[in-house]
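Results of the structural survey
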Number of protein chains: 2
Amino acid sequence: MSEKITLKNVCKFLKKQDDFIILTHISPDGDTLGSAYALALGLISIGKKACVVCSDDIPQQYDFFVKKANLQPINYKTILAVDVADAKLLGPLYNDYADKIELNIDHHVSNTGFAKRLYLDASASATAECIYDILKAMRIKINSQIAECIYTGISTDTGCFKYSNVTAKTHKIAAELHGFDVDAAEINRIMFDTKSKARIKLERMVLDSAEFHFNDRCMLLTVTEEMKKSSGCTQSDLDGVASISRSVEGVMAGVSVKQSEDDTYKISLRTYEPLDASEICKKLGGGGHKNAAGCSLSGTLTDVKQQVLDVVKQALEELDAGTFNNK
Amino acid sequence: MSEKITLKNVCKFLKKQDDFIILTHISPDGDTLGSAYALALGLISIGKKACVVCSDDIPQQYDFFVKKANLQPINYKTILAVDVADAKLLGPLYNDYADKIELNIDHHVSNTGFAKRLYLDASASATAECIYDILKAMRIKINSQIAECIYTGISTDTGCFKYSNVTAKTHKIAAELHGFDVDAAEINRIMFDTKSKARIKLERMVLDSAEFHFNDRCMLLTVTEEMKKSSGCTQSDLDGVASISRSVEGVMAGVSVKQSEDDTYKISLRTYEPLDASEICKKLGGGGHKNAAGCSLSGTLTDVKQQVLDVVKQALEELDAGTFNNK
């Protein structure tokens, strides 16, 4: 298990070390990338060397800070990870790096503690909030480039300040970032309101796939390889499909089942309190946050759906009986 | 034209007067209602009498503050309006009240100045921000009920802190409101993520209606009476359809054409800078904000679409020629 360290000791550690390689999680999102780039830029601004490594291609939508940063590969000495809750989420980087990570910075309460040191702030809406705290504590000056990265991390992980992970502190940080010439509206447009025509086509098919279960308290959406092909969608076009599943009146559990290979399905679960998505997905070997979690399942589409519906049904029954989360 | 008054004089005026009736605009949204209820509750908390009047039914989604406030009709002496940019937007209340409004509080730069006095802060993201300033300046204590109303106004008018009208101040206010036991995530769920099954059905039809024009820089969506009927949608199910029109990559002008009667259509235009939705809609007798404006047109659907496409085309051509907004 990781040694849990304080903000003060994070600062000490980062000041002492140099030549940082910062690892992000697979299927990189705005928080893991925004956090990694903000930290790298911050460290570089005080004379350190740093670069960011991800095992997947970085989606084009993050170009506005990734290309601007133009970080070059370095000979690293110190391995960091940001927003990586589980070593498995390093993907192909796992073999090379998993047992050598000196410090992991994260906000997932489910963090498995795989790194040597862990700075975990589960009250932070995003890992980018932790990075903000770290840069402040290190007295590193935030500039507009760093502010853009932090804003992107916070905005994407909170659904643009929409979810229950937002606190007064989240808004205070956002207020400060607005002072750095950050074009927040443009970032949000890219993150939330820029769908490809292929995505619009896919959405129509996904809405057609909608099933309602358990007195309309569960909505299930399906995305098959066939749907992806015929709409022309790329992987990143699929971001946010999961959130559609929770957007219907009365729905407490929104399930989306996405085919990733012939017989493998990525399940995303979105819930409203008191349902705990992380608890439900744990039963299927997955994990995540209270309101958003996931897992991977193999089998036929019918089987996979049934497995997910079974655990959702059980959770709803426990909720009705007043025994959910009371174990 | 209205006498434009300062924040200080708004406070003086409200302190001096009593028995307030606060008018909202037709098709009431979160900002006009949140502003009206926050102001009414604030005035009542210092011993005044106040009630809120709207010519349309208040959508159920606002019950959480409207029912809780439980304001009773009063014999009014002082007529106020909030978030009403044009006397026409009073709807059927126009005849009784339009020329007797003592004070209008608004953030629309396009306000026509129809009230006796006008407090206008065009830098405010929402009229609810103006109400916050007024309550603060009057040293009225904000409680959780008032905070809920102000939060709702700000959140709805900024697309949950997504649009370019958000400033550092907007986030600072949101941070403060978080301190008043406001369930922001639940408010946002009701405002943004609670669609009826009928709405989901309608969205499918609306997406099927999508037309792309001018090198995909304009997307046009249509909502006919027939579509409303067959999906079972109510008027409030239509909220937010307009924003879909601007959500596609490369689209700078999103048009939605909603049939309101047989040959009358409500046009909503959503634009990205430098296109100015308000300027474009003005040409068709409408108005609004820089990024979101509207107008009403009569004729056949084909005619109405053509009228809108013509002005959008002209604006795009001016933009290409570098003459847009340079007149």
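Please read these numbers as outputs of a predicted model, since none were measured by experiment. (Residues numbered from 1 in each chain as written. Chains lettered and ligands numbered in written order. Predicted model: local features only at pLDDT ≥ 70, side-chain atom pairs only at ≥ 80, totals over all residues. Heavy atoms only, no water.)

All right, on to the relation of the copies chain B and chain A then. Taken as rigid bodies, chain B and chain A are interconverted by a rotation of 180° and an axial shift of 0.0 Å, the fit giving an RMSD of 0.1 Å. These values place the two chain copies in the arrangement generated by a two-fold rotation axis. The residues that chain B uses at the interface reappear at the interface of chain A in 100% of cases, marking a shared surface. (Least-squares fit on C-alpha atoms with pLDDT ≥ 70 in both. Contact = heavy atoms within 4.5 Å.)

According to the stated counting rule, one finds 0 disulfides over all chains in the structure shown. Of all cysteine sulfurs, the one in A:C160 lies closest to B:C160, which takes part in no disulfide; the gap is 6.1 Å. Overall, the relative accessible area of 2% leaves B:C160 in the buried class. Summary of cysteine pairing: B:C295 is not part of a disulfide, and the nearest cysteine sulfur, belonging to B:C281, is at 4.7 Å. (Disulfide = S-S within 2.5 Å. Buried < 20%, exposed > 50% of the residue type's maximum accessible area, 1.4 Å probe, protein only.)

Residues and elements named next belong to chain A. Per the domain assignment, the segments making up chain A are domain 1 (3-192) and domain 2 (197-320). Put simply, the middle of domain 1 and the middle of domain 2, counted by C-alpha atoms, are 28 Å apart. At the junction of the two partners, domain 1 supplies 7 residues and domain 2 supplies 7 residues. Counting each side, the surface lost to burial between domain 1 and domain 2 is near 520 Å², with a carbon and sulfur contribution of 39%. It is H108, Y163 and S164 in domain 1 that bury the most area against domain 2; as a group they hold 46% of the surface buried on that side. Along the contact surface separating domain 1 from domain 2 lie 0 salt bridges. In this structure, the connection of domain 1 to domain 2 is made through 2 residue pairs in polar contact (both at pLDDT 80 or more). (Domains from an automatic or database assignment. Buried area = accessible area lost by both parts, 1.4 Å probe. Salt bridge = Lys/Arg side-chain N within 4 Å of Asp/Glu carboxyl O. Polar contact = N/O pair within 3.5 Å; in protein donor to acceptor, adjacent residues only side chain to side chain.)

Another point: the sheet that holds strand β7 (residues 211-213) of chain B. All names here are of chain B. On the basis of which strands lie adjacent, the open sheet formed by 6 strands has the order β7-β8-β9-β10-β12-β11 and mixed pairing. Here the strands that pair on one side only, and so sit at the sheet edges, are β7 and β11 (287-288). Sheet analysis places strand β8 (residues 218-223) next to strand β9 (residues 253-261), joined by 6 bridges and oriented parallel. When the sheet's bridge partners are listed, V223 is paired in β9 with K258. (Pairing = 2+ DSSP bridges. Helix = DSSP H or I, 4+ residues; strand = E, 2+ residues; numbered from the N terminus.)

Right, let's talk about the nonpolar core for a bit. Among the nonpolar cores identified, the biggest contains 111 residues, and A:L14, A:I150, B:L14 and B:I150 are the most heavily contacted of them. Excluding its chain neighbours within four sequence positions, the residues that come into contact with B:I150 are B:A38, B:A128, B:Y132, B:L135, B:I142 and B:L177. Of all hydrophobic cores here, the second largest spans 25 residues; its members include A:V255, A:I267, A:L284 and A:A315. (Core = buried A, V, L, I, M, F, W, Y, C linked by side-chain atoms within 4.5 Å.)

For the rest of this paragraph, the subject is the interface of chain B and chain A. Many descriptions give the size of an interface as the accessible area lost when the pieces come together. With 35 residues of chain B at the interface, the matching set in chain A holds 35 residues. Between chain B and chain A, a total of about 3300 Å² is buried, with carbon and sulfur atoms accounting for 62% of that surface. Connecting chain B to chain A are 6 salt bridges. Note that B:D216 and A:K197 form a salt bridge whose closest N and O atoms lie 3.2 Å from each other. For the pair chain B and chain A, the number of links is 17 residue pairs in polar contact (both at pLDDT 80 or more).

Turning next to helix α7 (residues 168-178) of chain B. Residues three or four positions apart in an α-helix share a direction because the helix packs 3.6 residues into each turn. Considered for burial, the residues of α7(B) that qualify are B:T170, B:H171, B:I173, B:A174, B:A175, B:L177 and B:H178. Structurally, α7(B) contributes buried residues whose contacts are with α7 (168-178) of chain A together with α5 (127-137), α6 (144-157) and α8 (184-192) of chain B.

Residues and elements named next belong to chain A. By secondary structure assignment, the location of T170 is in helix α7. According to the relative accessible area criterion, T170 is buried, its value standing at 0%. At a separation of 2.9 Å, a polar atom in the side chain of T170 contacts the main-chain amide nitrogen of T167. Ignoring anything within four residues of it in the chain, the contact list for T170 reads S125, E129, I154, T158, F161 and N165.

Side-chain positions along a regular strand alternate between the two faces of the sheet. Residues and elements named next belong to chain B. Burial along strand β12 (residues 292-298) is one-sided: A293, C295 and L297 are buried, while A292, G294, S296 and S298, pointing the other way, are not. Pairing between β11 and β12: 2 bridges, direction antiparallel. Within the sheet, the bridge partner assigned to G288 lies in β12 and is A293. What sits between β11 and β12 in their antiparallel hairpin is a turn of 3 residues.

As a further point, take the sheet that holds strand β3 (residues 50-53) of chain B. Residues and elements named next belong to chain B. Here we have 6 strands laid out as an open sheet, ordered β1-β6-β5-β4-β2-β3, and parallel in their pairing. At either end of the open sheet lies a strand with only one pairing partner, and these are β1 (3-4) and β3. Looking at chain direction, strand β4 (residues 78-82) and strand β5 (residues 103-106) are connected through 3 bridges and run parallel. In the sheet register, L80 faces β5, and the bridge partner there is L103. Its contacts with the sheet place α5 against β4, β5 and β6 (117-120), and it is angled at close to 115° to β5. (Axes fitted to C-alpha atoms, helices over the stretch in contact; angles between N-to-C directions.)

Residue and element names in this part refer to chain A. Enumeration over the complete set of coordinates arrives at 36 salt bridges over all chains. With a shortest N-O distance of 2.6 Å, K169 and D133 are connected by a salt bridge. Of this pair, K169 sits in helix α7 while D133 sits in helix α5 (residues 127-137), and the two are 36 residues apart along the sequence. The salt bridge partner of R189 is E186, with a shortest N-O separation of 3.0 Å. With a gap of 3 residues between them, R189 and E186 both fall in helix α8 (residues 184-192), about one helical turn apart. Shared partners join several salt bridges into a network, and the residues in it are E102, K116 and R117.

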